[in-house]
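# Notes for the structure review
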Amino acid sequence: MVVLMLLAVHCIYAQGNGTSTPPQPAVGSRDVPVTSVAGESWLSHLHRTLAETSMGKTWRLGPPATLGEETSRVPLEISPLHATQAVTLYGSDLYRLNCRGCHGESGRGAPPEINSVINPVRATSVALIRERMKKSGMDVSRADAEELAGQSRAALLQRLHNGGQDMPPFPHLSEAEIRSLVAYLKQLAGVPGAEHEQLGVNESPIRVGEQIVKSTCHICHSAAGPNPGPQQLMDGAIPPLETLTTRTNRAEFVRKVTQGAPIVMGTPPLSCRGRMPVFYYLSDDEVANAYMYLTFYPPYHWAVVDPAMSTLVPRKDSRGRTEKNRRAHLGSVSALSSPGS
Ligand code: HEC
Ligand code: HEC
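So, here is what we can say about the structure in this document. (Residues numbered from 1 in each chain as written. Chains lettered and ligands numbered in written order. Predicted model: local features only at pLDDT ≥ 70, side-chain atom pairs only at ≥ 80, totals over all residues.)

Residues in contact with ligand 2 amount to 26 residues; listed here are only the nearest, Gly56, Cys217, Cys220, Gly274 and Met276. Contributions of two or more residues to the shell around ligand 2 are made by helix H11 (241-247) and helix H12 (250-258). With three residues, H12 is the single largest residue contributor to the shell around ligand 2. (Near = placed C-beta within 6 Å. Helix = DSSP H or I, 4+ residues; strand = E, 2+ residues; numbered from the N terminus.)

Okay, here's the thing in structure tokens:
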């Protein structure tokens, strides 16, 4: 019964709108240490090609690779303090660094591949559950509404810790970050009063870089692997994260991400526009932090079994292996890895 009602609540919600974030006190987030990024890209994990997905897409490409490309460049704005000064991230920033690459600015995603976050978040609000149920002619007691809201909230937290069917887990987010993020999700979904719950989290620059790399870049870029040549790039190879800090210097790296830059590919090698989306909503400083993170925490060479993965329900991937024997396979590889190697 409760499950049926939950489904009903889920379906009848209208979409909400986000509003701006008023500052609130910041809390520290030292409870999750910074670690290197490991393993194959999320797209490789799903056996999905760049052409087949909306994940990690901003629907903006870099400038065309014309001969006089220098003229279209905007000067970079990297602050000398970006590497040392702590920053306060609000839930809206955590959403931008970790979720926006798939769910977009509005949270609506790209159905049917990427579900909207709006209804599942609205379903965590007792007031909204009661309001909507009433409108659709069903009366629900406060206690029942609270139970439904509690279930929805647990499902949301469970999803962030363990991932979904096709959504990656976020074990690198601390409890404080998740609290701040969930408060913003509620604001985005138009939950009444959510604007008063917004919380800031103090972050080191390296942690900002870690979140960008693990949540956004790792959708397409695997941690480690061979450095592709021009023809392999043309054929669809995506250079692994461990090669990026040698393929590009910091300025080229930042420009590729925030403005887009041509890439040499094909035979004979020619300057092309490339397929990587432009992450125009990341600042130059934030992307410089991602470069610093990749320099100081070089990607692990071998797949490391993520503790969060062990709670995933076994399921078959497209090669017919279950998650469990896939992990056993990865486990035998991870025995060879050691942090910092
Ligand atoms: C790599 C892409 C990707 C990223 C990044 C991502 N998601 Fe998702 N998300 C998905 C996909 C795909 C689905 C739907 C399929 C599934 O459940 O796995 C989904 C579904 C959801 C849902 C809705 C589930 C429902 O009940 O309909 C919520 C809520 C959600 N994501 C929240 C988040 C939050 C919060 C973040 C950032 C911390 C995030 N997602 C980051 C891919 C992503
Ligand atoms: C949607 C997939 C996708 C995502 C997400 C993505 N990239 Fe890329 N990236 C590519 C592809 C494809 C290439 C190969 C070059 C091209 O086609 O533009 C590439 C190439 C690069 C290069 C190499 C440029 C060169 O000249 O050798 C850098 C640097 C880079 N990406 C950084 C990043 C960073 C940092 C992030 C995260 C903020 C990121 N990418 C996120 C797809 C992606």
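Additional details are given in the paragraphs that follow.
Here we come to the site of ligand 1. As a structural note, the neighbourhood of ligand 1 is formed by 24 residues, with Cys99, Cys102, Asn115, Gly164 and Met167 the closest of them. Only helix H4 (100-103) and helix H7 (142-162) provide two or more residues apiece to the shell around ligand 1. Taken together, the residues of the shell around ligand 1 break down into 14 nonpolar, seven polar and three charged. Two domains each put at least three residues into the shell around ligand 1: domain 1 (1-24 + 89-203) and domain 2 (31-85 + 205-333). (Nonpolar A, V, L, I, M, F, W, Y, C, P; charged D, E, K, R; others polar. Domains from an automatic or database assignment.)

On to helix H6 (residues 126-135). Within H6 the residues assigned to the buried category are Leu128, Ile129, Arg130 and Arg132. Of the residues one or two after H6, Gly137 is the one with positive phi, at around 85°. (Buried ≥ 20, exposed ≤ 12 C-beta atoms within 10 Å, placed from the backbone.)

Where helix H9 (residues 205-215) contacts helix H13 (residues 284-296), the two axes come as close as 7 Å, and the packing angle between them is 90°. Compared by their axis directions, H9 and H13 come out roughly perpendicular. When H9 is examined against H13, the residues Pro205, Ile206, Val208, Gly209, Glu210, Ile212 and Val213 are found in contact with a partner set consisting of Glu286, Asn289, Ala290, Met292, Tyr293, Leu294 and Phe296. A class-by-class count of the residues in the contact of H9 with H13 yields ten nonpolar, two polar and two charged. (Axes fitted to C-alpha atoms, helices over the stretch in contact; angles between N-to-C directions. Parallel < 35°, antiparallel > 145°, perpendicular 65-115°, else oblique. Contact = placed C-beta atoms within 7 Å.)

Right, let's talk about unusual backbone geometry for a bit. The phi torsion of most residues other than glycine is negative, and most of the peptide bonds are trans. Between Pro111 and Pro112 the backbone carries a cis peptide bond, its omega angle lying at 5°. Between Thr267 and Pro268 the backbone carries a cis peptide bond, its omega angle lying at -5°. Relative to the elements of secondary structure, Pro268 occurs in the loop between strand E4 (263-265) and strand E5 (270-272). Of note, His47 is a non-glycine position whose phi angle comes to about 55°, a positive value. Turning to its location among the elements, His47 is positioned in the loop between helix H2 (42-46) and strand E2 (87-90). Judged by the 10 C-beta atoms lying within 10 Å of it, His47 falls in the exposed class. Unlike most non-glycine residues, Trp59 shows phi in positive territory, near 60°. Mapped onto the secondary structure, Trp59 falls in the loop between H2 and E2.

Okay, the environment of Val74 next. Here Val74 shows up in the loop between H2 and E2. Taking the C-alpha atoms as reference points, Val74 and Arg255, 181 residues apart in sequence, are found 8.9 Å from one another.

Residues Tyr184, Leu185, Val213 and Ala290 are the most contacted members of the largest nonpolar core, which totals 53 residues. Sort the elements by how many residues they give to this core and helix H8 (residues 175-188) lands first, with seven residues. Once residues lying within four places of it in the same chain are set aside, the contact partners of Tyr184 are Tyr90, Gly91, Ser92, Leu94, Tyr95 and Gln198. (Core = buried A, V, L, I, M, F, W, Y, C linked by C-beta atoms within 7 Å.)

Limitation: the analysis is restricted to geometry and does not speak to function.
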